[in-house]
Amino acid sequence: MIEFDNPLASLTHSISGSHILYLYEDVQHYVDSAAAYAMTCLNQGHQILIIDNDYCIKAIERKLAESWIDEKLEYVHFVDNFDFYQRHGEFQGCLTRRHFEAIMQPFLNDRLSIRTWAHVQWKPQPHIQAKLEEFEVMADCSVKEQNLISVCAYDANEISASLQLSLMRSHEYVMTDREFIASGLYRNSNAERRISPSMSLQEKLLLEQKQLLIDKEAAERANQAKNEFIATMNHEIRTPMNGVLGMADLLAETELDEDQAIYVEVIRHSGASLLQIVNDILDFSKIESDRQVMLEEPLRIRECVAEVVDLLQVPRLDKNLEIDVTVDEEVPDMLMGDANLIRQILLNLLGNGIKFTERGRIGVSVSLLPGSDGKNRKRLQFRIQDSGIGIPRAHWRKVFQPFYQVDKGLSRQAQGTGMGLAISKKLVERMNGQIGIESSAEAGTTIVFTVELDETFSRLPHEEQPGEALS
């Protein structure tokens, strides 16, 4: 007769509603552990349900047959684990839980005392780590709801060390194969909650964490190199593109027939669109690679807004739109900051407003936020409101991501890269501000952003600026 060490004796006898995680590193140790657990349960008057593969089931049966009288084996029940975990093709925690509860129900209805042992295995499939974490939460709940004791056994070589660590943190009782059989850990009731992973697992976890750190640093270096490369292409890309547009303009002034004039206009329009796309990508890369220097120099908010409105006169008049500008009197006339960044943000947002508005008006308002007087710092709020097609609420957060476009179909009317809002968000954050979309009962879109600027010590006399509509 084979003698077994039974470290689970006190645990299986005195504790119920426990879901035990067992990480084995050797199949023979695993079989010994399963047989020892089954014998402990049988000794204490419980029946045992073992969910395992065919090879391990036969090895466990042999161990039990060598160590126990045949009458007891009728209280040992086996279920094929691949059928149990993958009867619907892929490992699915919710279906497995329902299957487990259906198998257990007859035993519970007959008030039979039963313990379970599950060898968790799966076929190769995507997202298995998330599926296993979800399954373990479900299994833990199911076991505790039914006041059972259950062991879930995993091959430690089949799951990553980070997943093992995650599973360990979510379980009250965790052990490895050598601890299960050899340590006698559960003979000491005071040691039940002080369970540690094996040395091999700790080594594996350390190596995996080191590799993740190496991969992360390599990815960061590659991303930095990419951004720096694109940013340095600024002059090389824009110069020939401006040359193409300049020659197209000169060609348009020569004597052309009707077809030639159309062709030249297509060249000019396509070239301008391409240059805008290049500018957007280069601007974003420059921000990402920290090559864009933020200036601290005197600026006039009213002048910044007026200059942007002037730059957009042509597209505004083409659509017969009006732009209303309002700057509160409390806004200081002179502040310290980077006027170019503020102009770029306003140009992106007002340009979008014009692009997506066919009729109506666009409003620009600037106000001073309360509590802006401390340490000579001023927080300004800009609100840009249009009467255009609007942005569905489901897209409000996504539109500030690079290259994101609400309408991505081939039939989309507006051209562009979808970079304007992403660039604006980066620039706003550089000035310690925030940007977002505001709910409005009116049609269109309202974008609000804040920036933080220094107040100059020498205040200039306030210059009144007209707030009437420009038409």
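This one's a predicted model, so the numbers in the text were calculated from it and none came from an experiment.

### Regarding the overall build of the protein
Phase 1 of the analysis: If you tally the helices and strands in the protein, you get 15 helices and 13 strands.
Phase 2 of the analysis: Considering only residue pairs separated by 6 or more positions, the protein has 78% of its internal contacts joining residues 24 or more positions apart.
Phase 3 of the analysis: If you sum the accessible surface of the protein, you get close to 25400 Å²; carbon and sulfur atoms cover 53% of it.

### Describing a nonpolar patch on the surface
Phase 1 of the analysis: Together, Ile262, Tyr263 and Val266 make up an exposed nonpolar region whose accessible area comes to about 310 Å².
Phase 2 of the analysis: One can find Ile262 in helix 11 (residues 258-288).

### A look at helix 12 (residues 301-311)
Phase 1 of the analysis: Within helix 12, burial applies to Ile301, Arg302, Cys304, Val305, Val308 and Val309. Projected onto a plane normal to the axis of helix 12, the buried residues spread over an arc of 165 degrees and lie on a single side.

### Considerations on the pattern of salt bridges
Phase 1 of the analysis: Applying the stated criterion across every chain, the model contains 20 salt bridges.
Phase 2 of the analysis: A salt bridge links Arg97 to Glu145, with the shortest nitrogen-to-oxygen separation between them at 2.9 Å. With Arg97 in helix 5 (residues 93-109) and Glu145 in helix 6 (residues 128-145), this residue pair connects regions lying 48 residues apart in the sequence.
Phase 3 of the analysis: A relative accessible area of 58% means that Glu145 is categorised as exposed.
Phase 4 of the analysis: Three or more residues are tied together by salt bridges with common partners; here these are Arg300, Arg302, Glu303 and Asp333.

### Re the nonpolar core
Phase 1 of the analysis: Grouped together as the largest cluster of nonpolar side chains are 44 residues, with contacts concentrated most on Ile301, Ile342, Phe382, Phe449 and Leu453.
Phase 2 of the analysis: For this core, the elements supplying multiple residues, two or more each, are helix 12, strand 8 (322-327), helix 14 (339-355), strand 10 (361-368), strand 11 (377-386), helix 15 (420-430), strand 12 (435-438) and strand 13 (446-455).
Phase 3 of the analysis: Examining the composition of this core, we find that eight residues originate from one element, helix 14, more than from any other.
Phase 4 of the analysis: The contacts of Ile342, once residues within four sequence positions are left out, are Leu299, Ile301, Cys304, Phe382, Met431 and Leu453.

### Remarks on unusual backbone geometry
Phase 1 of the analysis: Phi is positive for His127, which is not a glycine, with a value near 60 degrees.
Phase 2 of the analysis: Among the structural elements, His127 can be located in the loop between strand 4 (114-119) and helix 6.
Phase 3 of the analysis: Using a relative accessible area of 64% as the deciding quantity, one classes His127 as exposed.
Phase 4 of the analysis: Look at Asn147: it is not a glycine, yet its phi comes out positive at around 60 degrees.
Phase 5 of the analysis: The topology assignment puts Asn147 in the loop between helix 6 and strand 5 (149-155).

### Side note on the environment of Lys398
Phase 1 of the analysis: Looking at the element boundaries, Lys398 is found in the loop between strand 11 and helix 15.
Phase 2 of the analysis: For Lys398, a relative accessible area of 39% puts it in the partly exposed group.
Phase 3 of the analysis: Distance from Lys398 to Leu421, taken between C-alpha atoms, is 9.9 Å for residues 23 residues apart in sequence.

### A closer look at the packing of aromatic side chains
Phase 1 of the analysis: If you walk through the whole model with that rule in mind, you get 12 aromatic pairs.
Phase 2 of the analysis: Ring geometry for Trp122 against Tyr154: centres 6.4 Å apart, planes inclined by 55 degrees, an arrangement best described as tilted. Of the two residues, Trp122 sits in the loop between strand 4 and helix 6 while Tyr154 sits in strand 5, which places them 32 residues apart along the sequence. In this pair, the class of Trp122 matches that of Tyr154, namely buried.

### Looking at the packing of helix 5 against helix 6
Phase 1 of the analysis: As a packed pair, helix 5 and helix 6 sit with axes 9 Å apart at the nearest point and diverge in direction by 25 degrees. The orientation of helix 5 relative to helix 6 falls into the category roughly parallel. In this structure, helix 5 crosses over helix 6, and the sense of that crossing is right-handed. In this structure, helix 5 contributes Gly93, Cys94, Thr96, Arg97, Phe100 and Glu101 to the contact, and helix 6 contributes Phe135, Met138, Cys141, Ser142 and Glu145.

### Focus on the side chain of Ser424
Phase 1 of the analysis: Relative to the elements of secondary structure, Ser424 occurs in helix 15.
Phase 2 of the analysis: Reaching out from Ser424, the side chain makes a polar contact with the side chain of Asn348 at a distance of 3.3 Å.

### Focus on the pairing of strand 4
Phase 1 of the analysis: Among the six residues that make up strand 4, six are buried, leaving the element largely enclosed by the rest of the structure.
Phase 2 of the analysis: With burial as the criterion, each face of strand 4 is covered, one bearing Ile114, Thr116 and Ala118 and the other bearing Arg115, Trp117 and His119.
Phase 3 of the analysis: With five bridges connecting them, strand 2 (residues 47-52) and strand 4 associate as parallel partners. By the bridge assignment for strand 4, Ile50 is matched with Trp117.
Phase 4 of the analysis: As defined by bridge partners, strand 4 adjoins strand 5 across four bridges and the pair is classed as parallel. Within the sheet, the bridge partner assigned to Thr116 lies in strand 5 and is Ser150.

The rules we used
- Residue positions are given per chain, counting from 1 as you read along its sequence in written order.
- With the structure being a predicted model, the display of local features is reserved for residues of pLDDT at least 70 and the display and counting of side-chain atom pairs for 80 or more, all residues being used for whole-chain, interface and lining totals.
- By convention in this description, side-chain values take in all heavy atoms of the structure and omit both hydrogens and water.
- Helix numbering and strand numbering both begin at the N terminus, where a helix is a DSSP run of H or I of at least 4 residues and a strand a DSSP run of E of at least 2.
- Contact criterion: two residues are considered in contact whenever any of their non-hydrogen atoms come within 4.5 Å of each other.
- The accessible surface values rely on the Shrake-Rupley method and a 1.4 Å probe; as for residues, cover is taken only from the protein chains in view.
- Patch members must show over 30% relative accessible area and no salt bridge, and they are joined within 9 Å when carrying like charges or within 5 Å when they are nonpolar side chains of Val, Leu, Ile, Met, Phe, Trp or Tyr.
- Each salt bridge in this description consists of a side-chain nitrogen of Lys or Arg and a carboxyl oxygen of Asp or Glu lying within 4 Å of one another.
- Exposure classes here rest on a 1.4 Å probe applied to the protein chains alone. A residue is buried below 20% of its type maximum, exposed above 50%, and partly exposed in between.
- Here the arc refers to the set of directions running from the helix axis out to each C-beta atom.
- Among the buried residues, those of types Ala, Val, Leu, Ile, Met, Phe, Trp, Tyr and Cys that are joined through side-chain atoms within 4.5 Å form a nonpolar core.
- Side-chain rings of Phe, Tyr and Trp (the six-membered ring for Trp) are treated as a pair once their centres are within 6.5 Å; stacked means planes under 30 degrees apart, edge-to-face means over 60, and tilted covers the remaining angles.
- Axis definition: a line fitted to C-alpha atoms, over the contacting stretch in the case of helices. Angles run 0 to 180 degrees between N-to-C directions.
- An angle below 35 degrees is read as roughly parallel, one above 145 as roughly antiparallel, one from 65 to 115 as roughly perpendicular, and any other as oblique.
- Whether a crossing is left-handed or right-handed is set by the direction in which the near helix is turned from the far one by less than a right angle, anticlockwise for left-handed and clockwise for right-handed.
- Between N or O atoms, a polar contact is any pair within 3.5 Å; within protein, one atom must be a potential hydrogen donor and the other a potential acceptor, and residues adjacent in sequence are included only when both atoms are from side chains.
- Only strands joined by at least two bridges in the DSSP assignment are considered to pair.

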